[in-house]
Amino acid sequence: MVRELEKYLRPGIGVTTYCPGCGEAILMGLILRAIDELQLNMDDMLFVSGIGCAAWIPSPHFHADTLHTLHGRTIAFATGAKMANPKLKVMVISGDGDLSDIGGNHLIHGARRNMDMTVICANNMNYGMTGGQVCSTTPRGALTMTTHQGNPFRPFDLCRLVKAAGAAYVARYAVTQPMAMIRSIKKALQTEGFTFIEAITPCPVQFGRRNRLGNPADMLKDIMARCIPEEQAEQLTAEELKDKIITGEL
Ligand SMILES: Cc1ncc(C[n+]2csc(CCOP(=O)(O)OP(=O)(O)O)c2C)c(N)n1
Ligand code: SF4
């Protein structure tokens, strides 16, 4: 992380706990960059996370008030905090497992109620922290610790799900699209209501290793090659779209 963003880190935080090449550390830098560019005061903010590697982005790293809560209950805690202090700018940062598997009900009802909060969901396509189990976002056919023959299930399209539930702003970008991701986070933070960004991020140690996706740089290149804007996706057939990641404000 560049030195000018170090002021947002809790004193004593020297290095992150992320595995080498983990995209979640990149995402952390992009979130802080967005906050910095908006000149937000961290004292007016609350960061809420659940359990998992992504949940460690704000806590213990951010020099701000953080709620490191129960697995899956992130949006419920964030809702409670916002109701107790409506002036707080509440940002939820957590994993796809935390937010859309065990926490899936809170996610859709948070969106349905249009609770005023920004949710960044780090989608690394598996449960990274607990050893790489299958998740509701794991692509069909992918190998995980719990799907040795390949995942037989269709993954959630989280953006569609949250949009259908009533969110005010929904976007998907990968950590390989840093400028677009920063712009999107800024927009989400400036939009009132439930704003949701699905952040595609590589987990080289669990998902990448099992699916033989190469080293962290290979994984980043693979994500870069698969990301396409929505307008381009509209021109492609279902077969051509199979391995693509549709990005943009959706
Ligand atoms: C109630 C409960 N069930 C299960 C767990 C074990 N657990 C901790 S983190 C986690 C999954 C995390 O996956 P994800 O949210 O995708 O985050 P990642 O580690 O991939 O960033 C699980 C199942 C737990 N801590 N609490
Ligand atoms: S297990 Fe995966 S998501 Fe977790 S820190 Fe390691 S590379 Fe990142």
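The structure contained in this document is the topic of the report that follows. (Residues numbered from 1 in each chain as written. Chains lettered and ligands numbered in written order. Predicted model: local features only at pLDDT ≥ 70, side-chain atom pairs only at ≥ 80, totals over all residues. Heavy atoms only, no water.)

1. Focus: the site of ligand 1
No. 1: The local shell around ligand 1 holds 17 residues, among which C53, D96, D98, N124 and G128 are the closest.
No. 2: Separating an oxygen atom of ligand 1 from a backbone N or O atom of N126 is a distance of 3.1 Å.
No. 3: G128 has a polar backbone atom sitting 2.7 Å from an oxygen atom of ligand 1.
No. 4: Relative to its unbound accessible area of 590 Å², ligand 1 is 73% covered by the protein chains.
No. 5: In terms of residue count, helix 3 (residues 96-101) provides more of the shell around ligand 1 than any other element does, 3 residues in total.
No. 6: Grouping the constituent residues of the shell around ligand 1 by class yields 6 nonpolar, 8 polar and 3 charged. (Near = heavy atom within 4 Å. Polar contact = N/O pair within 3.5 Å; in protein donor to acceptor, adjacent residues only side chain to side chain. Areas by Shrake-Rupley, 256 points an atom, 1.4 Å probe, with all protein chains shown as cover. Helix = DSSP H or I, 4+ residues; strand = E, 2+ residues; numbered from the N terminus. Nonpolar A, V, L, I, M, F, W, Y, C, P; charged D, E, K, R; others polar.)

2. Some thoughts on the pairing of strand 4 (residues 117-123)
No. 1: Counting buried positions along strand 4 gives 7 out of 7 residues, so the element sits mostly inside the fold.
No. 2: Neither face of strand 4 is exposed, since M117, V119, C121 and N123 on one face and T118, I120 and A122 on the opposite face are all buried.
No. 3: As paired elements, strand 4 and strand 6 (residues 194-200) share 7 bridges and run parallel to each other. Across the sheet, residue V119 finds its bridge partner in strand 6, namely F196. (Buried < 20%, exposed > 50% of the residue type's maximum accessible area, 1.4 Å probe, protein only. Pairing = 2+ DSSP bridges.)

3. Here we look at the pairing of strand 5 (residues 169-174)
No. 1: Among the 6 residues of strand 5, 6 are classified as buried, and the element is accordingly described as predominantly covered.
No. 2: A two-sided burial pattern is seen for strand 5, the buried positions comprising Y169, A171 and Y173 on one face and V170, R172 and A174 on the other.
No. 3: Alignment of strand 5 against strand 6, held across 6 bridges, turns out to be parallel. By the bridge assignment, A174 is partnered in strand 6 with I200.
No. 4: Read from strand 5 through helix 6 (residues 178-190) to strand 6, the crossover connection turns out right-handed. (Right-handed = clockwise from strand over helix to strand, strands pointing away.)

The values are spatial; any link to function lies outside them.
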